[in-house]
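Structural description and commentary
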Amino acid sequence: MIDLRSDTVTRPTTLMREAMYRAEVGDDVIDVDPTLDALQCRTAEILGKEAAIFMPSGTMTNQIALRVHCKPGDEFLCDSDCHIYNYEQGAFAQLSGLVAKTIQGKQGVLTLEDLSGSIRPLNEHMVHTRLLCMENTHNRGSGKVQPQAEVVRACHWAHDSGLQTHLDGARLFNASVATGLSVKELSEPFDSVSVCFSKGLGAPLGSCLAGTKEFVAKARRARKLFGGGMRQVGVVASAAMYALDHHVERLTLDHAHAKRLARTVGEFDFLKVMGGEPETNILIFHIGPTWGTAHEFAVELEKNGVKTMAFSPISIRMVTHLDVSSDQIDQACEAIRRVATRAKSA
Ligand SMILES: *Cc1c(COP(=O)(O)O)cnc(C)c1O
């Protein structure tokens, strides 16, 4: 089975498992796990921040960032399709008493023009606007890379207006290899940055949240509160280390694979690729009603050996990653052609 549902389905490679087996460990709640300490220092350095802290998931790094930047009754700005707003159970409201102000962007891209006027006046009727959140690459935006010049403008505006800025960089390494800009450059406009090791980088789990030392100290306290303090965590930190050493440059191959899938989808008039050629490893396309629903299309693809995700009643998402070879991409393209050219089975 060729699994294109997400880049989270990647399994640790044999060499990654060997690195995990050899990892030196300690109790990271009592004092320190040396392998985790090395990962956190390295992540802080590559993101150009003072410090970084490891957590089990990107949801936790995002939610703790929001909690540390804001107080109950504060509001943050984000685009209406972002992960923080759509896929984290409104944890910012449930756990931290925060309000989201969503702004409609284009494929997840917010410009200064979209944002201006969105900060609340200071008076006793209203919540305080405290933080701007952005997402790079943008998941629901078909893996779109945020144009860095717009990011810089928006973050300058936010800082000039007294806001903090947070980047959900679950796939920031994809953005980096796609643009040739370093993850440090992409992170520079933000006060805090979250990155995932469990997506295209292929580690079994884990994310890091980076920022100032003071910010990370507060995040460490919040991580314990949220149940995210971990003991001999070097076992998984070593997988993330391995991923940083071996799985970053190869993301260009995943991006080439997504473009190939998109070209195949583009052969059919009733299928429409969202946002043009994919910039990174995510492809979203719409199914014309003449063929049927996205769910039906996904079922037919699965019968042909390809798992995908029906992302909405009319759209399918495919994500390329290190567990899918170029040969398997050829097979997936053939499966798309077979499904698209045939009436769906009864
Ligand atoms: C996957 C993802 C996350 C984090 O998800 P977890 O499953 O909690 O690790 C955050 N933001 C974006 C954009 C993502 O795609």
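Worth saying up front: this structure is predicted, and the values here are computed from it rather than measured.

In this section: the site of the ligand. In the vicinity of the ligand, the contacting residues are Ser 57, Gly 58, Thr 59, Asn 62, His 83, Glu 135, Asn 139, Asp 168, Ala 170, Arg 171 and Lys 199. Within the contact set of the ligand, an oxygen atom lies 2.8 Å away from a backbone nitrogen or oxygen of Gly 58. Arg 171 has a polar side-chain atom sitting 2.9 Å from an oxygen atom of the ligand. Burial of the ligand by the protein amounts to 84% of the accessible area it has alone, namely 390 Å². If one sorts the elements of the shell around the ligand by residue count, helix H3 (residues 58-69) sits on top with three residues. Its residues assigned to classes, the shell around the ligand comprises one nonpolar, six polar and four charged.

Right, let's get into the packing of helix H13 (residues 294-303) against helix H14 (residues 326-340). Running from amino to carboxyl end, H13 crosses H14 at an angle of 125°, the nearest separation of the two axes being 9 Å. Relative to H14, H13 is oriented oblique. The chirality of how H13 crosses H14 is right-handed. Contacts from Phe 297, Glu 300 and Leu 301 of H13 reach H14 at Ala 335, Ile 336, Val 339 and Ala 340. For the contact of H13 with H14, a count of residues per class yields six nonpolar, no polar and one charged.

Moving on, we come to the packing of aromatic side chains. Evaluation of the coordinates by the stated rule reveals six aromatic pairs. With a centroid separation of 6.4 Å and 20° between ring planes, the pair formed by Tyr 85 and Phe 92 is classed as stacked. The class for Tyr 85 is partly exposed, based on a relative accessible area of 37%. Following the ring pairs from residue to residue traces out a cluster consisting of Phe 76, Tyr 85 and Phe 92.

Moving on, we come to the sheet that holds strand E3 (residues 74-79). Strand order in the open sheet made by the seven strands is E2-E8-E7-E6-E5-E3-E4, with mixed pairing throughout. Strands at the two margins of the open sheet, each flanked by one partner only, are strand E2 (51-55) and strand E4 (99-103). Here the average twist between neighbouring strands, direction ignored, is 20°. As defined by bridge partners, strand E5 (residues 128-135) adjoins strand E6 (residues 164-169) across five bridges and the pair is classed as parallel. Residue pairing across strands places Met 134 opposite Leu 167, the latter belonging to E6.

About the cut-offs
Residues numbered from 1 in each chain as written. Predicted model: local features only at pLDDT ≥ 70, side-chain atom pairs only at ≥ 80, totals over all residues. Heavy atoms only, no water. Near = heavy atom within 4 Å. Polar contact = N/O pair within 3.5 Å; in protein donor to acceptor, adjacent residues only side chain to side chain. Areas by Shrake-Rupley, 256 points an atom, 1.4 Å probe, with all protein chains shown as cover. Helix = DSSP H or I, 4+ residues; strand = E, 2+ residues; numbered from the N terminus. Nonpolar A, V, L, I, M, F, W, Y, C, P; charged D, E, K, R; others polar. Axes fitted to C-alpha atoms, helices over the stretch in contact; angles between N-to-C directions. Parallel < 35°, antiparallel > 145°, perpendicular 65-115°, else oblique. Left-handed = near helix turned anticlockwise from the far one by under 90°. Contact = heavy atoms within 4.5 Å. Phe/Tyr/Trp six-rings, centres within 6.5 Å; stacked < 30°, edge-to-face > 60°. Buried < 20%, exposed > 50% of the residue type's maximum accessible area, 1.4 Å probe, protein only. Pairing = 2+ DSSP bridges.

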